[in-house]
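# Close look at the chain arrangement
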Number of protein chains: 6
Amino acid sequence: MVQLIEYDEASAEVRAVYDDIMTTRGTDWINNFWKALANHPPTLRRTWESIKEVMAPGALDPLTKELIYLAVSITNGCGYCIASHGAAARRKGMTPEQHAELIAITGLANETNRHAAALDLDIDPQFR
Amino acid sequence: MVQLIEYDEASAEVRAVYDDIMTTRGTDWINNFWKALANHPPTLRRTWESIKEVMAPGALDPLTKELIYLAVSITNGCGYCIASHGAAARRKGMTPEQHAELIAITGLANETNRHAAALDLDIDPQFR
Amino acid sequence: MVQLIEYDEASAEVRAVYDDIMTTRGTDWINNFWKALANHPPTLRRTWESIKEVMAPGALDPLTKELIYLAVSITNGCGYCIASHGAAARRKGMTPEQHAELIAITGLANETNRHAAALDLDIDPQFR
Amino acid sequence: MVQLIEYDEASAEVRAVYDDIMTTRGTDWINNFWKALANHPPTLRRTWESIKEVMAPGALDPLTKELIYLAVSITNGCGYCIASHGAAARRKGMTPEQHAELIAITGLANETNRHAAALDLDIDPQFR
Amino acid sequence: MVQLIEYDEASAEVRAVYDDIMTTRGTDWINNFWKALANHPPTLRRTWESIKEVMAPGALDPLTKELIYLAVSITNGCGYCIASHGAAARRKGMTPEQHAELIAITGLANETNRHAAALDLDIDPQFR
Amino acid sequence: MVQLIEYDEASAEVRAVYDDIMTTRGTDWINNFWKALANHPPTLRRTWESIKEVMAPGALDPLTKELIYLAVSITNGCGYCIASHGAAARRKGMTPEQHAELIAITGLANETNRHAAALDLDIDPQFR
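Let me begin by describing the structure that accompanies this report. (Residues numbered from 1 in each chain as written. Chains lettered and ligands numbered in written order. Predicted model: local features only at pLDDT ≥ 70, side-chain atom pairs only at ≥ 80, totals over all residues. Heavy atoms only, no water.)

## Some thoughts on the packing of helix 3 (residues 41-55) of chain D against helix 6 (residues 96-119) of chain F
For clarity, the cut-off: Note on method: axes are straight lines fitted to C-alpha atoms, helices fitted across the in-contact stretch only, with angles between N-to-C directions ranging 0 to 180 degrees. Secondary structure follows DSSP: runs of H or I at least 4 residues long count as helices, runs of E at least 2 residues long count as strands, and numbering of each begins at the N terminus. Should the near helix be turned anticlockwise from the far one by less than a right angle, the crossing is left-handed, and should it be turned clockwise, the crossing is right-handed. For this analysis, residues touch if any pair of their heavy atoms sits within 4.5 Å.
Where helix 3 of chain D meets helix 6 of chain F, the axes come as close as 10 Å, and the angle between the chain directions of the two elements is 150 degrees. Every pair of crossing elements has a handedness; the one defined by helix 3 of chain D and helix 6 of chain F is left-handed. The residues of helix 6 of chain F that touch helix 3 of chain D, namely those facing D:T43, D:R46, D:T47, D:S50, D:I51, D:V54 and D:M55, are F:A104, F:I105, F:L108, F:E111, F:T112 and F:H115.

Structure representation (structure tokens):
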């Protein structure tokens, strides 16, 4: 429904973001997420700048950050996000074993989150 | 609403699980989650065995596992789980800076998951 | 934040709904959900009529219906709903053992729902 | 899996709802949502009457109402709903720029909702 | 993306689980969910054992359990799960009328869960 | 659990954001959301800049934007967000009648989103 904006037809403003994405990631192509966001350049720019800042190496390493991103995407059932952040995690070194463990943890957390909701628990003072 | 089963009043079956929790974690108390689950010993046992297996050191280290658990709990808005797994993560070494980065990633993933849903994106063949 | 509309101060239109709620349920009080919805009588009326129609005995018995309602409320983490539909289920005969099994199923479904999302599964033709 | 009930094969009860949908909307076709709901006429009727009442012009204008509907559908990741309510919003005048802003707001709200959950905030007294 | 492990190529450990699934269910085939989980045998085994234990006849009968599973899957919008647990429910006797009522209840619970959240309700003491 | 950073104890970087928030909003106080985010100044700054950009008047007016924010917050069951964005909407002119209609729409969208998921609908070509 939303048109994908290819590099060749993009405005200078959009191309600047595309160039920064490819430079930052060391890739030579742009995925559909950005091509669709590019219909609204301010959202393209703002979202990319947020991703670039938040996902940069920091107190957490890039792979750990990507694993967290993937676990959230699985929890929300976002198919595109699971595919794109799964690929990103593999590119950053996620092994099949780590992937399998991530899926197990994500599933289990979703399970016990509902146990806790159902049981209407007071937070133990030791956790404060 | 659900009664909390304290150690002193627990059956041998429940005490065995409580003992294993405390031994595995190196603690001397049981938090409310388990005390509430203990009203149904099969669920207590099964859930604890799952947690013990899934959260043990593996291809992912225990802190990374706990961070993933916390990110899911935040996404689901489970207050008790955020408190308990936040405490567990701190016990396993999560620094305030890492906590802040985890919150930023979790928020951002929830944002872009909705961008992707709204835009109805085809998955790029490169991600397959 | 939203004012609760008590019976004595309610309009005739609101009282008629309150009366029908109490008659249908065989109770002599109105819970906060309806008192808050009563600030907007059309929503009060429409919601009550929907509940009355959907939760009436049909191809599914009233207890089964209430169990389904409770499982959804747990999945969504709605504290008020878990309390009110938990109480309704007990009034309709839910035993503690059934409650425990419901919590276990709800948790497990939330877990495997995420496994399935993570694994991006094709639906087996046998399920069609 | 669920059969779609076409106008020609529908019962009088179902046709009456279909006719009202087309008259109210000024269209000459029925979308799959209603054709699938028509397998259970009471749900078809009740859902249509709710939509008709809730989405009618009121204190909020029809476009604003449709934008709210669309934002919820995006948050829930419902592909069919995003398509159908996106089309409805365009029919009621939503511009591409408004669509882009709606997506940005919906994404951002999902982000800060998780920040707030993670930080376990007390509600400021000024908000009460 | 994840490879499906067919029976003929599976390890003895995986085959043992597949055999137990088919024996328990009285079927002669394995659905994609298990074939994908089989990439990580501990998760395959643990998940199957949980399903087998939780979904066995107990205080709730197998059909009621499957209905609860299906309602959760609908709430989470998990397409594969809706298909597989819908099929399982039909196999256990769910009629079209019961299916329609389940959909109506699940929808309504999701609606009133949001009413309750929006209205920020105190839990009535009678529900405690 | 997270410390609230008051203006008097804040760094110059944090104060600059606080000042901009108060100037932009025409208020003389900072709510807990920002005081908690201020533990991580980059997230404080980035989040505020996003809010400021996204919620500024544009193709959608500020009240409509706030209504969309509120509907998402209700869907996610975020108590703090419902309180803060409900207050913001009232400050921007939301009437009680508009609030009631928003709650009704948000509830209904959550209901029909599940109907659509349950029915596994093909998207009508007319919506493309």
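## Some points on the interface of chain E and chain C
Stated formally: Whenever a carboxyl oxygen of Asp or Glu lies within 4 Å of a side-chain nitrogen of Lys or Arg, that contact is scored as a salt bridge.
Residue-level contacts link 59 residues of chain E with 59 residues of chain C. There are four salt bridges connecting chain E and chain C. C:E101 is the partner of E:K65 in a salt bridge, and the nearest nitrogen-oxygen pair spans 3.4 Å. Of all the secondary-structure elements, those providing two or more residues to the side of chain E that touches chain C are helix 2 (32-37), helix 3 (41-55), helix 4 (62-75), helix 5 (79-91) and helix 6 (96-119) of chain E. Take the side of chain E that touches chain C: its biggest share by element is 17 residues, from helix 6 of chain E.

## Digging into the relation of the copies chain F and chain C
Note the following rule: In superposing the copies, a least-squares fit is computed on C-alpha atoms, taking residues whose pLDDT is at least 70 in both.
Overlaying chain F on chain C yields an RMSD of 0.0 Å, the required transformation being a rotation through 120 degrees with an accompanying axial translation of 0.0 Å. Each copy turns onto its partner about a three-fold axis. Minimal C-alpha separation from the rotation axis in chain F is found for F:G77, amounting to 4.4 Å.

## A few points about helix 4 (residues 62-76) of chain B
Residues and elements named next belong to chain B. The condition is simple: Here the expected length of a helix is defined as 1.5 Å per residue gap, with one fewer gap than residues. Under the scheme applied here, a residue whose accessible area is under 20% of the maximum for its type counts as buried, over 50% as exposed, and between as partly exposed, the area being computed with a 1.4 Å probe on protein chains only. N or O atoms closer than or at 3.5 Å make up a polar contact, with two conditions inside protein: a donor-capable atom paired with an acceptor-capable one, and, for residues adjacent in sequence, both atoms drawn from side chains.
Here helix 4 is 15 residues long and its end C-alpha atoms lie 21 Å apart, about the 21 Å a rise of 1.5 Å per residue gives. Across the 15 residues that make up helix 4, a large majority, 13, are buried. At the N-terminal end of helix 4, a side-chain oxygen is found 3.1 Å from the backbone nitrogen of L63, two or three residues along, and the residue is D61. With its phi angle positive at about 65 degrees, G77 sits one or two positions after the end of helix 4.

## A closer look at unusual backbone geometry
Within the chain, C:D120 stands out as a residue other than glycine whose phi angle is a positive 50 degrees. In this fold, C:D120 is placed in the segment after helix 6 (96-119).

## Considering the nonpolar core
Definition in use: Nonpolar cores were defined as sets of buried Ala, Val, Leu, Ile, Met, Phe, Trp, Tyr and Cys residues, with membership established by side-chain atoms within 4.5 Å.
Judged by nonpolar contacts, the single largest core of 93 residues is most densely connected at C:Y18, C:W34, C:L44, D:Y18, D:W34 and D:L44. Here the element with the most residues in this core is helix 6 of chain F; it accounts for 10 residues. If sequence neighbours within four positions are ignored, D:L44 has contacts with D:V14, D:V17, D:Y18, D:W34, D:L37 and D:A38.

## So, the interface of chain F and chain C
Applied cut-off: Two parts placed together each lose some accessible area under a 1.4 Å probe, and adding up what both lose gives the buried area. Lys, Arg, Asp and Glu make up the charged group, whereas Ala, Val, Leu, Ile, Met, Phe, Trp, Tyr, Cys and Pro make up the nonpolar group; the residues left over, Gly among them, are polar.
Listed per partner, the contact involves nine residues of chain F and seven residues of chain C. Summing both sides of the interface, chain F and chain C together bury roughly 570 Å²; the carbon and sulfur share of this comes to 58%. If you sort the residues of chain F by the area they bury against chain C, F:R90, F:A100 and F:A104 come out on top, with a joint share of 41%. Joining chain F to chain C, the criterion identifies one salt bridge. As a salt-bridge pair, F:D120 and C:R128 come within 3.5 Å of each other at their nearest N and O atoms. The interface formed by chain F and chain C contains one residue pair in polar contact (both at pLDDT 80 or more). Take the side of chain F that touches chain C: its biggest share by element is seven residues, from helix 6 of chain F. In terms of residue class, the side of chain F that touches chain C is built from three nonpolar, one polar and five charged.

## Observations concerning the relation of the copies chain E and chain C
Each copy of the sequence occupies a distinct position, and chain E is placed on chain C by a rotation of 180 degrees and an axial shift of 0.0 Å, giving an RMSD of 0.0 Å. In symmetry terms, the pair is related by a two-fold rotation axis. Taken together, the interface assignments show that 100% of the residues at the interface of chain E recur at the interface of chain C, consistent with an identical surface on both copies.

## Here's the deal with the side chain of B:Q98
Residue and element names in this part refer to chain B. Within the element layout of this structure, Q98 appears in helix 6 (residues 96-119). Judged by relative accessible area, Q98 falls into the buried class, the value being 13%. At a separation of 3.0 Å, a polar atom in the side chain of Q98 contacts the main-chain amide nitrogen of T95.

## Topic: the packing of aromatic side chains
The geometry of an aromatic ring pair is captured by two quantities: the separation of the ring centres and the angle between the planes. The condition that has to hold: Classification of ring pairs rests on two measures: the distance between centres of Phe, Tyr or Trp rings, Trp counted by its six-membered ring, which must be within 6.5 Å, and the angle between planes, read as stacked under 30 degrees, edge-to-face over 60 and tilted in between.
One pass over the full model with this rule turns up 30 aromatic pairs over all chains. Ring centres of D:Y7 and D:Y18 lie 6.3 Å apart, and the angle between their planes is 35 degrees; this geometry places the pair in the tilted category. Linking D:Y7 in the segment before helix 1 (12-25) with D:Y18 in helix 1, this pair joins segments that are 11 residues apart in sequence. By relative accessible area, which is 0% here, D:Y18 ends up buried. Relative to F:F127, the ring of D:W29 lies with its centre 5.5 Å away and its plane at 55 degrees, an arrangement referred to as tilted.

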